[in-house]
Amino acid sequence: MDISDDIVRELIEKAVDARKKAYAPYSKFLVGSAALGSDGNIYTGCNIENVSYSATNCAERTAIFNGISDGCLSFEAVAIVGARKEEKPGFCYPCGVCRQVLSEFSDAEKLKIIIAKNKSEYKITTLGELMPFAFVEY
Ligand code: THU
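Residues numbered from 1 in each chain as written. Predicted model: local features only at pLDDT ≥ 70, side-chain atom pairs only at ≥ 80, totals over all residues. Heavy atoms only, no water.

Asks: Residue-level account of the sheet that holds strand β3 (residues 75-84), with values.
Replies: Either a parallel or an antiparallel arrangement is found when strands of a sheet pair, and the pairing is made through backbone hydrogen bonds. Strand order in the open sheet formed by 5 strands is β2-β1-β3-β4-β5, and the pairing between neighbours is mixed. Each edge of the open sheet carries a strand with a single partner, namely β2 (42-46) and β5 (122-126). Pairs of neighbouring strands in the sheet enclose a mean axial angle of 20 degrees, with direction left out of account. Alignment of β3 against strand β4 (residues 112-116), held across 4 bridges, turns out to be parallel. What sits directly across from Val78, in β4, is Ile113. Against the sheet, helix α1 (residues 5-19) engages β1 (29-37), β2, β3, β4 and β5, with an angle of about 140 degrees to β1. (Pairing = 2+ DSSP bridges. Helix = DSSP H or I, 4+ residues; strand = E, 2+ residues; numbered from the N terminus. Axes fitted to C-alpha atoms, helices over the stretch in contact; angles between N-to-C directions. Contact = heavy atoms within 4.5 Å.)

Asks: Break down the site of the ligand for me, citing the residues and quoting the values.
Replies: Residues in close proximity to the ligand total 13 residues, the closest being Asn47, Glu49, Cys58, Ala59 and Glu60. Taking Ala59, its main chain carries an N or O atom lying 2.9 Å from an oxygen atom of the ligand. Coverage of the ligand by the protein amounts to 79% of the 380 Å² it exposes when considered alone. Those elements giving two or more residues to the shell around the ligand turn out to be β1 and α2 (59-69). Across the shell around the ligand, the residue classes tally to 8 nonpolar, 3 polar and 2 charged. (Near = heavy atom within 4 Å. Polar contact = N/O pair within 3.5 Å; in protein donor to acceptor, adjacent residues only side chain to side chain. Areas by Shrake-Rupley, 256 points an atom, 1.4 Å probe, with all protein chains shown as cover. Nonpolar A, V, L, I, M, F, W, Y, C, P; charged D, E, K, R; others polar.)

Note that all results are geometric; they support no functional claim without further evidence.
See below:
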């Protein structure tokens, strides 16, 4: 699916808003994400940390899981905005675990990953570029 500049900006705006809800008392690195579902809806998420550290959930997975729990099993685009508290966002790429989860629920060659500092500074790549030769079947 081709996505318009307006949708890209909307996804970034929603990721910026979702970042405000981040629960990150340990790293103080706040991340927000907004995923465009194939159903046309936008699902958002923030990172949710845990005192155990390993039980932490990244913003991208929160957004995708939010969509899945609403019945949307496929996604076209995901925007990510991340930075330490009180700092301006840099370019924050999805971690390996999130890339694996994204690959389960998208066509990697088509899934657009929007890495954004703000609505006018962003890069767009695809999951296929970020994660070639993914483990997708056995
Ligand atoms: N984090 C995300 O939410 N998404 C990313 O793409 C990178 C990392 C979170 C996990 C943890 O809460 C904090 O950022 C520091 O790693």
